[in-house]
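# Chain and residue survey
One letter stands for each residue in the lines below.
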Amino acid sequence: MVADAHVMTHVKTMANAIRALAMDAVEAANSGHPGMPMGMADAATILWAEFLKFDAADPHWPDRDRFVLSAGHGSMLLYALLHLSGFARPTIDDIKRFRQLGSPCAGHPERHELAGVETTTGPLGQGLATAVGMAIAERHLNAQFGDRLIDHRTWVIAGDGCLMEGVSHEAIGLAGHLKLGRLNVLWDDNGISIDGPIAMSASDDVPARFRSAGWHVVACDGHDPESIRAALAEARDSSLPSLIAVKTVIGFGAPTKAGTAKTHGSPLGADEVAGAKAALGWTAAPFEIPADMAAAWQAIGARGAAERTAWTARLAAHPQADELQRRMAGMLPIDFSLAALRARMAADAKPVATRKASEIALDAINALLPETVGGSADLTGSNLTKGSVLAPLDAANYAGRYVYYGIREFGMAAAMNGLALHGGIIPYGGTFLVFADYCRAAIRLSALQQQGVVYVMTHDSIGLGEDGPTHQPIEHLASLRAMPNLAVYRPADALETAECWELALQDRSRPSILALSRQNLPLLRTLADENMAARGGYRLVAASAPRRAILVATGSEVSLAVTVAKVLEAEGIGADVVSMPCWERFAEQSAEARAALLPADVLKVSIEAGSTFGWERIVGHDGLMLGIDSFGASAPAEDLYRHFGLVPETIVSKIKTRLGV
């Protein structure tokens, strides 16, 4: 897909269009990062003009190449590319309002704002790690649907900051291990960070790092079109993931600030902009692109139209067309239901850990949904995420559906974002709940990007026992519940576990966390006609004696609350038990429904083996909050529950004291 000669004779001038728009937009906003777009404009122009497979008229074409600007601070590079090549947005007016409220040209690229932004970037390193997931998705779907429908590449522009971030080590190690030859990373090797020269803080041999991880490495002069072209072609043709070390001058063209940190994160200033435009030979007015230049860029945006049209014809004739379209649209099968699984769970009274119940659920789910791809960060036998259905996804078998991520929690979470963003895949992955801290930055991007990634977080409390406070989550549920657009599920038994899995799979615009127990828990419900977890909270046990207390609990503490209620009832104190597997879903219920479940005139008691922070939102400031507001300890689980007062006799005593009886 080579652009015509007319286009390519103007590479330098075309790149200057990117530089001009970047300078103009940052200057107008009085905020932004002009240096990276100015430095990488030449390489980006050749990539988009000659190598990137896309059609600006159809930015959601499933077989397009994915382009990820991991160095998201240089967002004007991407906005300029999208505008110039003919995407419907951003318009020039959008670019004029760069970094302003209501403009899709946010300070860092936001996926939900613009078609053509494949992933939200800005937190350095995560774009690269997300791109690894996209590359896994391409190979996996290629193995399932064949070259005629899935045959594309993932291209990344990453900066020094991306490669300093720890997640980059996790990402490049995984990509090298999986031999993701369709992944190509252009490293903007400009030697500058915000503080100044990279040499002030790092002396890594970056190419050696990548080679040691199994990557192909090639270097080029980032301001020489022929050098760039040769390097990109070599990377494209390699069977290994490739690093293209693109040596550039940050702020290229700026007369006094080029090559310095002064171009990194601040407007150049009017005089410097004028000097840069003069040096580059750019005479157009701010935000204006000469007609011949605009036409050349529009030709680049249209050059993939014929290939996209041919692909559409192949799709129409393909026996798997409907299945691919369903998956890429993020739609579950019309007849998808876990009603049979719920009924089976409700009929088996044997106590089971919710992590084991999750494994049982996954065997059913993975048989029903061919789009699931599971994994674990080296805790498969503890998270129980593999089940009996899935084969490993590795370099020898991209058709497999289970990724052994290794001890790379952050890298796993970011890669799962990439799997989801690519489309056609529902990813889930496991680790211990305490290690949600390692995943948190990627979980936040799942939520921000409205991606239905499922995080299977086991060993969810002091119930894990002897591993001690380093492994016992305390504040984690509270901190995760504080994150917008994240559903945190903590099921009480096997039936609720199946219900929570069903809800997580149905919710394609919000990530979910399943916080699951290590210890066995009794079955608390035998009726499975309705998915009660969908309410977020529901009355599990109704008081027999006059109601004086409502016990609200989650997970393993729901069965404890049932026991406490029985003791209270025996003493003539009526007590409801409310199971609340998901705060977020409960908050979405009507005010009337919430008030009916938790009326204001009754003592409400929360019971959860974790931080009490936030429970006042459920039980009120006059409620009784029972939990753990210190770190845990190393001991058998039963001893720990007694030590922290989460046993029936202690809880009953506290409730009676509060009631004055």
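Now for a look at the structure at hand. (Residues numbered from 1 in each chain as written. Predicted model: local features only at pLDDT ≥ 70, side-chain atom pairs only at ≥ 80, totals over all residues. Heavy atoms only, no water.)

### Quick look at the overall build of the protein
What counts, and what does not: Note on conventions: DSSP H or I runs of at least 4 residues are helices, E runs of at least 2 residues are strands, and numbering of each starts at the N terminus. The globule rule used for comparison is 2.2 Å times the number of residues to the exponent 0.38, while the radius of gyration itself is calculated over C-alpha atoms. For the exposure calls, accessible area comes from a 1.4 Å probe over protein chains only, and a residue counts as buried if that area is under 20% of its type's maximum, exposed if over 50%, partly exposed in between. Any two residues having at least one pair of non-hydrogen atoms within 4.5 Å are treated as being in contact. For accessible areas, the Shrake-Rupley method is used with a probe of radius 1.4 Å. Any residue's cover is judged against the shown protein chains and nothing else. Here Asp and Glu are counted as negative and Lys and Arg as positive; His is not counted, and neither are the chain ends. By convention, the point assigned to a charge is CZ for Arg, NZ for Lys, CD for Glu and CG for Asp.
What the protein contains, in helices and strands, is 27 helices and 20 strands. For a compact globule of 661 residues, the expected C-alpha radius of gyration is about 26 Å, and the protein comes in at 28 Å, within 12% of that figure. Considered along the principal axes of its C-alpha atoms, the protein spans approximately 90 × 55 × 45 Å. Counting across all 661 residues of the protein, residues that qualify as buried make up 62%. Of the contacts formed within the protein by residues at least 6 apart in sequence, a portion of 78% connects residues at least 24 apart. In the structure as shown, the protein presents an accessible area of about 23500 Å², 54% of it carried by carbon and sulfur atoms. The positive charge centre, built from 57 side chains, and the negative charge centre, built from 72, are 3 Å apart in the protein.

### Things to note about helix α18 (residues 409–422)
So the rule is basically this: What a helix should span is 1.5 Å times the count of its residues minus one.
Taking 1.5 Å of rise per residue, 14 residues should cover 20 Å, and α18 covers 20 Å from first to last C-alpha, within 8% of that figure. Across the 14 residues that make up α18, a large majority, 14, are buried.

### Digging into the pairing of strand β7 (residues 242–247)
For clarity, the cut-off: For two strands to be treated as a pair, DSSP must find no fewer than two bridges joining them. Crossover handedness is defined here as right-handed if the route from the first strand over the helix to the second strand goes clockwise, with the strands pointing away from the viewer.
Counting buried positions over the six residues of β7 gives five, a clear majority of the element. As judged from the six bridges shared by strand β6 (residues 216–221) and β7, these two strands associate in the parallel manner. Its bridge partner lying in β7, Val218 is registered against Ile244. After leaving β6, the chain enters helix α10 (residues 225–237) and then returns to the sheet as β7, a path that is right-handed.

### Thoughts on the pairing of strand β11 (residues 426–432)
Among the seven residues of β11, seven are classified as buried, and the element is accordingly described as predominantly covered. Of the pairings in the sheet, the one linking strand β9 (residues 372–376) to β11 comprises three bridges and is parallel in character. When the bridges of β11 are listed, Val373 appears paired with Pro427. Relative to strand β12 (residues 454–458), β11 is paired through five bridges, and the arrangement is parallel. Pairing of Gly430 across the sheet is with Val456, part of β12. Running through helix α19 (residues 436–448), the crossover from β11 to the neighbouring parallel element β12 is right-handed.

### So, the environment of Ala609
By the element assignment, Ala609 lies in the loop between β19 (603–607) and α25 (616–619). For Ala609, a relative accessible area of 2% puts it in the buried group. When the C-alpha positions of Ala609 and Ala302 are compared, they lie 58 Å apart, and in sequence the two are 307 residues distant. Beyond its immediate sequence surroundings of up to four residues, Ala609 is in contact with Ser461, Ile462, Pro473, Arg490, Glu557, Ile628, Tyr641 and Leu646.

### Description of a negative patch on the surface
Short version of the rule: Note on patches: the residues involved have over 30% relative accessible area and no salt bridge, like charges join within 9 Å, and the nonpolar side chains Val, Leu, Ile, Met, Phe, Trp and Tyr join within 5 Å. Note on definitions: salt bridges are taken to be side-chain nitrogens of Lys or Arg within 4 Å of carboxyl oxygens of Asp or Glu.
A contiguous patch of negative charge on the surface is contributed by Glu466, Asp467, Glu638 and Asp639. Looking at the secondary structure, you find Asp467 in the loop between β12 and α20 (476–481). Looking at Asp467, the relative accessible area reads 48%, which means it is partly exposed.

### Thoughts on the packing of helix α2 (residues 11–29) against helix α4 (residues 75–84)
The cut-off we apply is this: Axis geometry follows a simple rule: fit a line to the C-alpha atoms, using only the stretch in contact for helices, then measure angles between N-to-C directions, giving values from 0 to 180 degrees. In these notes the angle categories are as follows: under 35 degrees is roughly parallel, over 145 is roughly antiparallel, 65 to 115 is roughly perpendicular, and the rest is oblique. In a left-handed crossing the near helix is turned counterclockwise from the far helix by less than a right angle, and in a right-handed crossing that turn is clockwise. Basically, the charged four are Asp, Glu, Lys and Arg, the nonpolar ten are Ala, Val, Leu, Ile, Met, Phe, Trp, Tyr, Cys and Pro, and anything else, Gly included, counts as polar.
α4 packs onto α2 with a crossing angle of 120 degrees between their chain directions and a minimal axis gap of 9 Å. On the basis of the axis angle, α2 is oblique to α4. Where α2 crosses over α4, the two elements pack in a sense that is right-handed. Between α2, through Ala17, Ile18, Leu21, Ala22, Ala25 and Val26, and α4, the contact on the second element is made entirely by Met76, Leu77, Ala80, Leu81, His83 and Leu84. For the contact of α2 with α4, the class distribution of residues is eleven nonpolar, one polar and no charged.

### Here we look at helix α3 (residues 35–51)
With 17 residues, α3 should cover 24 Å at 1.5 Å per step; its first-to-last C-alpha distance of 24 Å lies within 8% of that length. In terms of residue burial, α3 counts as a mostly covered element, since 17 of its 17 residues are buried.

### Topic: the side chain of Glu499
We apply this condition: Polar contact is defined as a pair of N or O atoms within 3.5 Å, subject to the rule that within protein one atom must be able to donate a hydrogen and the other to accept it, and that residues adjacent in sequence are counted only when both atoms are side-chain atoms.
Along the polypeptide, Glu499 turns up in helix α21 (residues 494–506). Here the side chain of Glu499 touches Met532 through a polar contact of 3.1 Å, landing on its backbone nitrogen. Once residues lying within four places of it in the same chain are set aside, the contact partners of Glu499 are Arg342, Arg525, Glu530, Asn531, Met532 and Ala533.

### Examining the environment of Val456
Here Val456 is to be found in strand β12. A sequence separation of 45 residues divides Val456 from Trp501, and the C-alpha atoms of the two residues are 9.9 Å apart.

### A word on the packing of helix α6 (residues 126–145) against helix α14 (residues 321–328)
Remark: α6 packs on α14, axes separated minimally by 12 Å, with the N-to-C direction vectors making an angle of 160 degrees. For the element pair α6 / α14, the angle class is roughly antiparallel. The two elements α6 and α14 cross, and the hand of that crossing is right-handed. Where α6 approaches α14, its residues Leu141, Gln144 and Phe145 are matched on the opposing element by Glu323, Leu324, Arg327 and Met328. For the contact of α6 with α14, a count of residues per class yields four nonpolar, one polar and two charged.

### Structural notes on the sheet that holds strand β20 (residues 624–626)
Spatially, β16-β18-β17-β19-β20 is the arrangement adopted by the five strands of the open sheet, whose pairing is mixed. Either end of the sheet is taken by a strand with one partner, and the two such strands are β16 (538–541) and β20. Direction aside, the axes of adjacent strands within the sheet are offset by 30 degrees on average. Sheet analysis places β19 next to β20, joined by three bridges and oriented parallel. For Ile607, the partnering residue across the bridge sits in β20 and is Leu626.

### Focus: the pattern of salt bridges
Going through the model one piece at a time under the given rule, you end up with 32 salt bridges. Note that Asp24 and Lys277 form a salt bridge whose closest N and O atoms lie 2.7 Å from each other. Taken together, the residues span a long stretch of sequence, with Asp24 in helix α2 and Lys277 in helix α11 (residues 270–280) at a distance of 253 residues. Judged on exposure class, the residue Asp24 and its partner Lys277 are both buried. The salt bridge partner of Glu499 is Arg525, with a shortest N-O separation of 2.7 Å. Of this pair, Glu499 sits in helix α21 while Arg525 sits in the loop between β15 (520–521) and β16, and the two are 26 residues apart along the sequence. Arg525 matches Glu499 in its accessibility class, with the two residues each being buried. Overlapping salt bridges bring together Glu138, Arg139, Asp151 and Arg182 as one network.

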